[in-house]
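Residue strings, one per chain:
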Amino acid sequence: MPAFFNIFIKFFVLLTPFFVLTVFLSMTLDDTPARRRQIAVRVTIAVLITTLMLFYFGGVIFDVFGITLDAFRIGAGSLLFLNAVALVSGKAAAPGDQVEGGDMSVVPLAIPITVGPATVGALLIFGAKEQTMGELLVGSGALIAAVLCVGVILYVATAIEKLLGRYGISILTKLTGLILAALSAQITFTGIKGFLG
C-alpha cells in the first residue's frame, strides 16, 4: 500500500492537474456545465489510453532505440524541470488555436496539455524500471488512479472554479510546479549517479 500511494502521488503531480484545470476552464469558457463534463470524460479516456501504452511499452522503446535508462532519466528530468519552471512562472505553453468543429478533448487537452513531452519521458522511465508482474500491476493501478483523479477534477471543474476562483487555482498551479521541480531534480540526480556508476 505505501508503494502504491507513493507511485500514485508521483503520477498525479506529473499530470499537473491544476494547470490542466486552468487550461480546461479557459478553453471551455463558453460551454455549459454538461458540455464540460462530456469533454472531461473524453479527455480522461484519451489520457488513460496514452499513459498506459507509454507505461507498458517503455522498455521496448528503450531496446529499439538503444537508449539507456540513466540517459533517459537525465533527459526526462531536464524536461520536467523546464515544465516546472513554466508552471511556477506562469509562462506555461498556451493551448493554441482550436480547429473549428474539432475535438479539443484529445488535442490539445489530452496531448500535449496533460501528457506533454516531460510526462511522456517520466512515464517511460517509471514503466521501464518496473520488473516483476506485481510491480507492474501496482504501478499501472497507481497510474489509473492518478488519471481518474485528474478526470474527476475536470468533471467537477465548474464547481471548483466557483469554490476557489481563478486566483486560487493559479496558486495551486504554482505549488504543483514546485513539487514537480523537486521530482525532476530527483530523477536527474538518479540518472547522473547511475551514469557515473
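Fair warning: this is a prediction, and the values are worked out from it, not measured in the lab.

1. Focus: the overall build of the protein chain
- Within the protein chain one finds 8 helices and 0 strands.
- Sequence-ordered secondary structure for the protein chain, helices as α and strands as β, is α-α-α-α-α-α-α-α.
- Here the C-alpha coordinates of the protein chain stretch approximately 55 × 35 × 30 Å along the principal axes.
- When each of the 197 residues of the protein chain is scored for burial, the buried share is 42%.

2. Focus: the pattern of salt bridges
- A complete count under the given rule lists 2 salt bridges for this structure.
- Two residues, Arg36 and Glu161, come together in a salt bridge whose shortest N-O distance is 3.3 Å. Of the two residues, Arg36 sits in helix α3 (residues 33-65) while Glu161 sits in helix α8 (residues 157-196), which places them 125 residues apart along the sequence.
- Residue Glu161 is classed as partly exposed on the basis of its relative accessible area of 21%.
- The shortest N-O distance in the salt bridge between Arg73 and Asp70 comes to 3.0 Å.

3. Some points on the side chain of Thr173
- Locating Thr173 in the fold gives a position in helix α8.
- Here Thr173 falls in the buried class, since its relative accessible area comes to 7%.
- Beyond its immediate chain neighbours, meaning those up to four positions away, Thr173 contacts Phe18, Phe19, Thr22 and Leu87.

4. A look at unusual backbone geometry
- Along the chain, Val107 connects to Pro108 via a cis peptide bond; the corresponding omega equals 10°.
- Mapped onto the fold, Pro108 is located in helix α5 (residues 105-114).
- The linkage connecting Ile111 with the following residue, Pro112, adopts the cis geometry, with an omega of 10°.
- Tracing the chain through its elements places Pro112 in helix α5.
- The residue Thr16 is not glycine, and still its phi comes out positive at about 40°.
- Looking at the secondary structure, you find Thr16 in the loop between α1 (2-14) and α2 (17-27).

5. Description of the packing of α3 against helix α6 (residues 117-129)
- Viewed as axis vectors pointing N to C, α3 and α6 meet at an angle of 70°, and their least axial separation amounts to 7 Å. With respect to α6, the axis of α3 lies roughly perpendicular. Once α3 is placed against α6, the crossing between them reads as right-handed. Packed against α3, whose contacting residues are Thr51, Leu54, Phe55, Gly58, Gly59, Ile61 and Phe62, the element α6 presents Val120, Leu123, Leu124, Phe126, Gly127 and Ala128 at the interface.
- Here the contact of α3 with α6 is built from residues that sort into 9 nonpolar, 4 polar and no charged.

Definitions and limits used
Residues numbered from 1 in each chain as written. Predicted model: local features only at pLDDT ≥ 70, side-chain atom pairs only at ≥ 80, totals over all residues. Heavy atoms only, no water. Helix = DSSP H or I, 4+ residues; strand = E, 2+ residues; numbered from the N terminus. Buried < 20%, exposed > 50% of the residue type's maximum accessible area, 1.4 Å probe, protein only. Salt bridge = Lys/Arg side-chain N within 4 Å of Asp/Glu carboxyl O. Contact = heavy atoms within 4.5 Å. Axes fitted to C-alpha atoms, helices over the stretch in contact; angles between N-to-C directions. Parallel < 35°, antiparallel > 145°, perpendicular 65-115°, else oblique. Left-handed = near helix turned anticlockwise from the far one by under 90°. Nonpolar A, V, L, I, M, F, W, Y, C, P; charged D, E, K, R; others polar.

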